[in-house]
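# Structural description and commentary
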Amino acid sequence: PRAGVLEICNKFLMAGDEPMANWRNLAKNPATAAITAMAICPYGDPVPRVWLAKTRDEESELVKAFFEVHAKGGTRVGYNISAYDDRLIVWRALQLGVLPIGRRMTFSRYGGKGSIDLMAKLFSGIGDAMKLKTVLSMLEVHPPAGDVDGSMVADMVYDGHWELLANYVASDAWSEMQLLLKMQQVLELI
């Protein structure tokens, strides 16, 4: 009966592609994700630097590049970096056999030595934390990438939209810099 066919079609559409959904879920866990892009926005510089990794070898080079920047010292700032980004970098370094140059990573709820986690500074716990885009909207900061967010990264990689991915990570780095500049006006961070 037609109603049965429509019901099956609707279930499929609601569930989506199960293998793709499983693949997307791997990206949510730092232990099972891969690094496909990274951006940094040096303090006071409005133009972020972006690295992309389309292959495992390029990802190894990206992790090495991160450790080179990290070894130079300075304070690294990001949003939710202590809960996700730092752990992802450590897991990928372990899995790819990439060793840090000079300075090793540290884990701390507030970002560890040499880093500041803006989310941890703004919120008392994970339960009350807001997404970066929500915080930016409340502060009238408008990311160049608009509504593009981290939940779309897996699709960008899968579909080969590398330029869109580069724009998204550059926008995030720029946005985090804008949040840092605003927070420094009322909160001692360093």
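Our subject is the structure that appears above.
Everything in this summary refers to the structure shown in the same document. (Residues numbered from 1 in each chain as written. Predicted model: local features only at pLDDT ≥ 70, side-chain atom pairs only at ≥ 80, totals over all residues. Heavy atoms only, no water.)

### Digging into the packing of helix 3 (residues 56-71) against helix 4 (residues 81-96)
Going by this rule: Orientation is described by axes fitted as lines to C-alpha atoms, over the contacting stretch for helices, and by angles from 0 to 180 degrees between their N-to-C directions. For the purposes of this entry, the term helix denotes a DSSP run of H or I that reaches at least four residues, the term strand denotes a run of E that reaches at least two, and both are numbered from the N terminus. Note on terminology: angles under 35 degrees are roughly parallel, angles over 145 are roughly antiparallel, angles of 65 to 115 are roughly perpendicular, and the others are oblique. Take the far helix as your reference; a near helix turned counterclockwise from it by less than a right angle gives a left-handed crossing, and one turned clockwise gives a right-handed crossing. When checking whether two residues touch, look at their non-hydrogen atoms; a contact exists if any pair is within 4.5 Å.
Two elements in contact, helix 3 and helix 4, have axes separated by 10 Å at closest approach and are oriented at 125 degrees. If you check the angle between helix 3 and helix 4, you find them oblique. When the axes of helix 3 and helix 4 are compared, the crossing they make is left-handed. Residues Arg56, Glu59, Ser60, Val63, Phe66 and Phe67 of helix 3 pack against Ile89, Arg92, Ala93, Gln95 and Leu96 of helix 4.

### Observations concerning a nonpolar patch on the surface
Put simply, the test is: For patches, a residue must show more than 30% relative accessible area and have no salt bridge; joins then use 9 Å for like charges and 5 Å for nonpolar side chains, namely Val, Leu, Ile, Met, Phe, Trp and Tyr. The protein chains shown are the only cover counted for residues, whose accessible areas, like all others here, come from Shrake-Rupley with a 1.4 Å probe. By salt bridge we mean one thing: a side-chain nitrogen of Lys or Arg within 4 Å of a carboxyl oxygen of Asp or Glu.
Where nonpolar side chains cluster on the molecular surface, the patch consists of Met130, Met138 and Leu139 and spans about 270 Å² of accessible area. Summarising the element assignment, Met138 is placed in helix 6 (residues 132-138).

### A short note on the pattern of salt bridges
Going by this rule: Exposed residues in this analysis have more than 50% of their type's maximum accessible area, buried residues have under 20%, and partly exposed residues fall in between, with area computed by a 1.4 Å probe over protein chains only.
Counted under the stated rule, the structure contains 4 salt bridges. With its nearest N and O atoms 3.4 Å apart, the salt bridge here joins Lys64 to Glu61. Of this pair, Lys64 and Glu61 both sit in helix 3, 3 residues apart, which is roughly one turn of the helix. On the basis of relative accessibility, which here comes to 36%, the residue Lys64 falls in the partly exposed class. The salt bridge partner of Arg76 is Asp86, with a shortest N-O separation of 2.4 Å. Here Arg76 is found in strand 3 (residues 76-78), whereas its partner Asp86 is found in helix 4, with 10 residues between them in sequence.

### Some words on the packing of aromatic side chains
Stated formally: Centres within 6.5 Å are what make two rings of Phe, Tyr or Trp a pair, Trp counting through its six-membered ring; a difference in plane orientation under 30 degrees is then read as stacked, over 60 as edge-to-face, and the rest as tilted.
Applying the stated criterion across every chain, the model contains 1 aromatic pair. When the centroid spacing of 5.6 Å and the interplanar angle of 65 degrees are considered together, the rings of Phe66 and Phe67 count as edge-to-face. For Phe66, a relative accessible area of 8% corresponds to the buried category.

### Here we look at the side chain of Glu176
What counts is decided by this rule: None of His or the chain ends enter the tally, which takes Lys and Arg as positive and Asp and Glu as negative.
Relative to the elements of secondary structure, Glu176 occurs in helix 8 (residues 162-184). No salt bridge is formed by the buried Glu176; its nearest oppositely charged neighbour, Arg76, is found at 8.2 Å.

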